[in-house]
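Spelled out from the first residue to the last, the chains are:
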Amino acid sequence: IVSIYGEEIAAKYQLKEVISGGNYGVVFARYVHGIPTNDEIHFSISHDGRLLRVSADMFGAFENMENEVSEADIEESKKLLINNVSEDVEISYYQIMLNEDGKYYLCLTGNMRTEAGGIFYAYVNIN
């Protein structure tokens, strides 16, 4: 991140995921109040270590979020999601998303504890 965007930008992002297997890459996300957002920088890397592609679709979109939404607002959204999710869902993680309507949403991702299994998503508006 430092060599492409500079130290000031790099300081605003944290390592979120390392991708291996068919494709290799690294994902850094901007965190707000300790929760990752969909402001992510994706680095695709070849098998021999060359940088293939950099993408940052939501770059800078959460610049002012900490001023607009409090940690208490996010905790309240978490409680609302938890209270409305079936006991059959095992919560994996939360992510804050900025939708095209300009509103922040908290996304809960989980796994169904049923025989059929599957991934479960639930969203609630934060602001």
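Quick caveat: nothing in here was measured; it's all calculated off a predicted structure.

A. Representation of the overall build of the protein chain. The secondary structure content of the protein chain amounts to four helices and seven strands. Sequence-ordered secondary structure for the protein chain, helices as α and strands as β, is α-α-β-β-β-β-α-α-β-β-β. Seen through its C-alpha atoms, the protein chain measures out along the principal axes to roughly 45 × 40 × 25 Å. Here the protein chain holds 127 residues, and the buried ones make up 35% of them. Total accessible area computed for the protein chain in this model is approximately 7,900 Å², and 46% of it derives from carbon and sulfur atoms. Taking the 9 positively charged and 20 negatively charged side chains of the protein chain as two groups, their mean positions are separated by 2 Å.

B. Just the environment of phenylalanine 59, in detail. Take phenylalanine 59: it is sitting in the loop between β4 (51-55) and α3 (65-68). Phenylalanine 59 sits in the partly exposed class, given a relative accessible area of 36%. Along the backbone, phenylalanine 59 and glutamate 7 are 52 residues apart, and their C-alpha atoms lie at a distance of 15 Å. In contact with phenylalanine 59, other than residues within four places in its own chain, are Tyr5, Ile9, Tyr13, Asp39 and Ile41.

C. Looking closely at the side chain of threonine 37. With respect to the helices, strands and loops of the structure, threonine 37 is situated in strand β3 (residues 35-45). Judged by relative accessible area, which is 0%, threonine 37 ranks as buried. Excluding its chain neighbours within four sequence positions, the residues that come into contact with threonine 37 are Ala29, Arg30, Val32, Phe62, Gln95 and Ile96.

D. Molecular detail of the pattern of salt bridges. Throughout the structure, instances matching the rule amount to five salt bridges. With its nearest N and O atoms 2.6 Å apart, the salt bridge here joins lysine 16 to glutamate 40. On the criterion of sequence distance, the pair formed by lysine 16 in strand β1 (residues 13-19) and glutamate 40 in strand β3 is long-range, its members being 24 residues apart. Judged by relative accessible area, which is 29%, lysine 16 ranks as partly exposed. Across the pair glutamate 75 and lysine 78 runs a salt bridge, and its minimum N-O distance is 3.6 Å. Here the residue glutamate 75 and the residue lysine 78 both occupy positions in helix α4 (residues 71-84), the gap between them amounting to three residues, near one helical turn. You can call glutamate 75 partly exposed: its relative accessible area is 35%.

Each value, and the rule that gives it
- Residues numbered from 1 in each chain as written.
- Predicted model: local features only at pLDDT ≥ 70, side-chain atom pairs only at ≥ 80, totals over all residues.
- Heavy atoms only, no water.
- Helix = DSSP H or I, 4+ residues; strand = E, 2+ residues; numbered from the N terminus.
- Buried < 20%, exposed > 50% of the residue type's maximum accessible area, 1.4 Å probe, protein only.
- Areas by Shrake-Rupley, 256 points an atom, 1.4 Å probe, with all protein chains shown as cover.
- Lys, Arg positive; Asp, Glu negative; His and termini not counted.
- Charge placed at Lys NZ, Arg CZ, Asp CG, Glu CD.
- Contact = heavy atoms within 4.5 Å.
- Salt bridge = Lys/Arg side-chain N within 4 Å of Asp/Glu carboxyl O.

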